[in-house]
Structure formats: C-alpha cells, structure tokens
Amino acid sequence: MKRRMLAVLIALIIIPTALTAAPLLQFGGLVSYNRTVVEFTEEEEPWNINNFSFGADLRINPVKNLSLDIPVTIGFGKDAFSLAAIPTINANIPIAEIVDIAVGVGTQLDFTKAGDTWTLNGLPMDEAGGALAGSKLVYRAGLTVNLGILPLGIGINAVVPGSSGFGEGDIGGIFIPMWESTRISIVALLNLF
C-alpha cells in the first residue's frame, strides 16, 4: 500500500513537470521594430524611436508542445489610437527545460479609434466579419530563454505575413510567406506560474 501511495505521489510530481518546459503563464513587455527586414537595410536612421512600437505579450503554455501567444502593441497618432494584436497558436520545441523554440500561425488584428469610431483592419466594427476575411495568415518563429533562477524569460520573435488575405480568393497566396515583410520583436516575460 505504501508503495502505491509513493508511486502516485511521484507521478503527481513528475507529470506536471514533464508537461511544461515553459511556465504555464508568462506576461511582459514587448518592443517591436516597425520596419521590415528589407526596409531596415534602406533606412537612413534605423534606430530612430519612431521605428519602434511598444506593448505587452501574453503567453499561455498549457502543455509542453503547445502555446498561445498574444502580443499587443499600442500606437498614438494625431487624433487616433491603435492596438495591433497578432495572436498565434504555436508548436513548441523545448530544449533542456531552459530554451523554447516556437513555430506557429495566426492572424493580425488592427484596432484603430479615430474620433469616436473604432475600426478593425480598416473596416468599421459592424463589418468585423469582412475585416477578418480580409486579414492575412501570419507565420511566427520565436526563441525564448527561460532563465530558471529568476522568474524571467527573454525572447526574440519573427513574424512573416502571407501574400494574400483570406477573402481575396487566392488560396495559394494565403499560405505563401512574404519574406521581405518579416518583422522582429523582443520580449521580456515574467514567468507567473
């Protein structure tokens, strides 16, 4: 009887550890470079503050090889406010419980408020279905190092949009990446659980 209790206790300790290489929930700051990789080489002042967006990143890692990543950046313009989100579902490849490589897909959602009017991907909110149909598939690749001693993860991400929107009728173009439009971001995440 004691051996069974010991085996159950060991299983209850080992299984959650084996299922999660990354913490269950991570949240932190994000800095995104607004220029594409092509524009970076052509930019006269690549480190100008206007070339960067700032925001937050939320990651949920329910199991070892699956995560949901929701980075959100905030923008301010003349009489306008914007939120850009790129939620992705990712396959994770944990290495030695410290490094996590993620590859995933999702879409970009751009919410803008000009005056009293909110839009989604350039269309009024009451046309949200059309706005989602016009959005593009995005590919995400990320590398995160979970520092272990500190409850902190540091990561770099690349996001590549597809060539065509979902509603454009070009099925092949939806899945063809536009490599020249790759954008890079860096995150610092607190490991909450």
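Residues numbered from 1 in each chain as written. Predicted model: local features only at pLDDT ≥ 70, side-chain atom pairs only at ≥ 80, totals over all residues. Heavy atoms only, no water.

Novice: Give me the lowdown on the pattern of salt bridges, citing residues and values where you can.
Specialist: For the structure shown, the criterion picks out 3 salt bridges. Across the pair R59 and D57 runs a salt bridge, and its minimum N-O distance is 3.6 Å. D57 shares its class with R59; the two are buried. A salt bridge links D69 to R59, with the nearest nitrogen and oxygen atoms 3.2 Å apart. Here D69, found in strand β3 (residues 66-77), pairs with R59, found in strand β2 (residues 52-63); they are 10 residues apart in sequence, far enough to count as distant. The pair formed by D69 and R59 is uniform in burial state, with each residue classed as buried. Salt bridges sharing common partners tie together D57, R59, D69 and R140. (Salt bridge = Lys/Arg side-chain N within 4 Å of Asp/Glu carboxyl O. Buried < 20%, exposed > 50% of the residue type's maximum accessible area, 1.4 Å probe, protein only. Helix = DSSP H or I, 4+ residues; strand = E, 2+ residues; numbered from the N terminus.)

Novice: Tell me about the confidence of the model for the protein, and please be specific about residues and values.
Specialist: Put simply, the protein has an average pLDDT of 84, and 86% of its residues get 70 or more. The low-confidence segment residues 14-20, where pLDDT is below 50, has 9 contacts with residues more than four positions distant or belonging to other chains. (pLDDT = per-residue confidence, 0-100. Contact = heavy atoms within 4.5 Å.)

Novice: Hey, could you go over a nonpolar patch on the surface for me, with residue numbers and the actual values?
Specialist: A surface patch of nonpolar side chains, amounting to about 900 Å² of accessible area, comprises L24, F27, I60, V63, L66, L68, I89, L190, L192 and F193. Elements with a minimum of two residues in the nonpolar patch: β2 and β3. (Patch = residues over 30% accessible without salt bridge, like charges linked within 9 Å, V, L, I, M, F, W, Y side chains within 5 Å. Areas by Shrake-Rupley, 256 points an atom, 1.4 Å probe, with all protein chains shown as cover.)

Novice: Got a sec to walk through the packing of aromatic side chains? Specific residues and values, please.
Specialist: In this structure the tally under the stated criterion is 2 aromatic pairs. For the ring pair Y33 and F52, a centre distance of 5.1 Å and an interplane angle of 70 degrees mean the geometry is edge-to-face. With Y33 in strand β1 (residues 25-33) and F52 in strand β2, this residue pair connects regions lying 19 residues apart in the sequence. This pair shows no difference in class: Y33 is buried, exactly as F52 is. Residues F81 and W118 carry aromatic rings whose centres are separated by 6.3 Å and whose planes lie at 90 degrees to one another, so their mutual orientation is edge-to-face. (Phe/Tyr/Trp six-rings, centres within 6.5 Å; stacked < 30°, edge-to-face > 60°.)

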